Amino acid sequence: MGHPTTQSGPLDLDLIRNAELAGRPWPHCVLTGAITDQATLDEMVASFPDQGFQTVRELNPDAEGKTFEVGVRNDLTGADLAPVWTPFTTQLRSEHYRRAVGHLGGVTLEGSQCVVAFYRYPPQTWLGPHRDNRYKILTHVFYFNADWPAGAGGDLLILDGPDAGSLRRRVCPRAGTSVVIVRGDDSWHAVQKVSDEVTRARLSVSVVFYTADADLTKHVN
Ligand SMILES: O=C(O)CCC(=O)C(=O)O
Ligand SMILES: [Fe+2]
């Protein structure tokens, strides 16, 4: 029996704290069941926002060599958002969650800056191979697709280097799954292009902990 955790929100912080980090090809963790209540998760899936997204794209490799095209929404409080999202986004910004996910990642997140955002990857969008910029310490991505057809693309690709041929693990973006990525010099990963055969978008919420000195007006990607 562990000590009772003060938690008010849908996340099981003990599950997050005690999950095992995979060491290869670099430290990461694929979690299932971090949002414990199925009815809550179903409600999030059903009410994932479809407004207020801004398309960000970089078709020429950026400083890190990364290309991407994706929709981002940083607004967590808009009137269109269903009430089910408030306890979740509040818990994501709590000290309790920060400590739990920092423990899992083996990093201290004390003093870091936390940014939570909604992401939509419609057909033909992707995030090319990258390591995350050096201002990121740890990222936790939650997926919100009720189901995701095989062959639709959109998998998170855990890579062992900058080329997609170094694939070590694929993560299907299905609701109930989340992934913790500990940023390092080897932490190569990508989001496979979503197929134009599907008529839906890949849905996620990402939580990024940035170093205290990161200028969030510049280093948000
Ligand atoms: O959505 C994902 O699975 C990963 C996203 C990612 O790598 C990022 O936002 O840097
Ligand atoms: Fe990333």
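Think of each chain on its own: its residues are numbered from 1, step by step along the sequence as written. Each chain is given a letter, starting from A, and each ligand a number, starting from 1, according to the order in which they appear as written. Restriction of local features to residues with pLDDT of at least 70 applies here, the model being predicted, together with a cutoff of 80 or more for giving and counting side-chain atom pairs; totals for whole chains, interfaces and linings are based on all residues. The basis for the side-chain values is all heavy atoms of the structure; hydrogens and waters are excluded.

## Remarks on the site of ligand 1
- Here a residue counts as near a molecule or strand whenever at least one of its heavy atoms sits within 4 Å of it. If you check the shell around ligand 1, you find L127, H130, D132, K136, V141, Y143, L156, H189, V191 and R202 and nothing else.
- Any pair of nitrogen or oxygen atoms within 3.5 Å is treated as a polar contact; in protein, a donor-acceptor pairing is required on top of that, and neighbouring residues in sequence qualify only through side-chain atoms on both sides. With respect to ligand 1, the side chain of H130 contributes an N or O atom lying 3.2 Å from an oxygen atom.
- The contact in question runs from an oxygen atom of ligand 1 to an N or O atom on the side chain of D132, over 3.1 Å.
- Per-residue accessibility takes into account occlusion by the displayed protein chains alone, with areas from the Shrake-Rupley method and a 1.4 Å probe. Here ligand 1, which alone exposes 300 Å², has 94% of that area covered by the protein.
- Those elements giving two or more residues to the shell around ligand 1 turn out to be β5 (126-130), β6 (136-143) and β10 (189-191).
- In this description a helix means any DSSP run of H or I spanning at least four residues, a strand means any run of E spanning at least two, and both kinds are numbered starting from the N terminus. Ranked by residue count, the leading element in the shell around ligand 1 is β6, at three residues.

## Digging into unusual backbone geometry
- Cis rather than trans, the peptide bond between R24 and P25 has omega equal to -5 degrees.
- Along the chain, P25 turns up in the loop between α1 (13-18) and β1 (28-32).
- Even without being glycine, Q124 reaches a positive phi, approximately 75 degrees.
- Within the secondary structure, Q124 is located in the loop between β4 (113-121) and β5.
- Of note in the backbone geometry, D132 takes a positive phi value of approximately 80 degrees without being a glycine.
- Take D132: it is sitting in the loop between β5 and β6.

## Focus on the coordination of the iron ion (ligand 2)
- Atoms of type N, O and S within 2.8 Å of a metal are treated as its donors, and for Na, K and Ca the window is 3.2 Å; water is not considered, so some sites may appear to be missing partners. Looking at the iron ion (ligand 2), the protein donor atoms are H130 (NE2), D132 (OD) and H189 (NE2), and they sit 2.1 to 2.2 Å from it.
- Mapping the donors of the iron ion (ligand 2) onto the primary sequence gives the spacing H-x1-D-x56-H. Placement of the pair is H130 in strand β5 and H189 in strand β10, with a sequence separation of 59 residues. Across this residue pair, the class does not change: H130 and H189 are buried. Each residue's exposure class comes from its accessible area (1.4 Å probe, protein chains only) as a fraction of the maximum for that residue type: buried when under 20%, exposed when over 50%, partly exposed otherwise.

## Regarding the pattern of salt bridges
- The working definition used for a salt bridge is a side-chain nitrogen of Lys or Arg within 4 Å of a carboxyl oxygen of Asp or Glu. A complete count under the given rule lists ten salt bridges for this structure.
- Across the pair D155 and R170 runs a salt bridge whose closest N-O atoms are separated by 2.9 Å. You can see D155 sitting in the loop between β6 and β7 (156-159) and its partner R170 sitting in strand β8 (residues 167-171), a full 15 residues away along the chain.
- Here D155 falls in the buried class, since its relative accessible area comes to 13%.
- The partner of D160 in a salt bridge is R168, with the nearest N and O atoms 3.3 Å apart.
- A relative accessible area of 40% places D160 in the partly exposed class.
- Within this structure, R73, D75 and D80 form a network of salt bridges that share partners.

## Some details on the UniProt feature "domain: Fe2OG dioxygenase" (unreviewed entry) in the chain
- UniProt positions are given in the numbering used here, feature names are shortened, and annotations may be inferred rather than shown by experiment. UniProt's entry tags residues 108-212 with the feature "domain: Fe2OG dioxygenase" (unreviewed entry), counted in the numbering of this structure.
- The straight-line gap between the two end C-alpha atoms of residues 108-212 is 12 Å; of that span, 0% is helix and 47% is strand.

## Some details on the pairing of strand β9 (residues 177-182)
- By the criterion of burial, β9 is predominantly enclosed, with six of the six residues buried.
- The two faces of β9 match: T177, V179 and I181 on one face and S178, V180 and V182 on the other face are all buried.
- Note: β1 against β9, five bridges, orientation antiparallel. Paired with L31 across the two strands is S178, which belongs to β9.
- By definition, two strands form a pair when at least two bridges between them are found by DSSP. Where β6 meets β9, five bridges bridge the pair, whose relative direction is antiparallel. Pairing of T139 across the sheet is with I181, part of β9.

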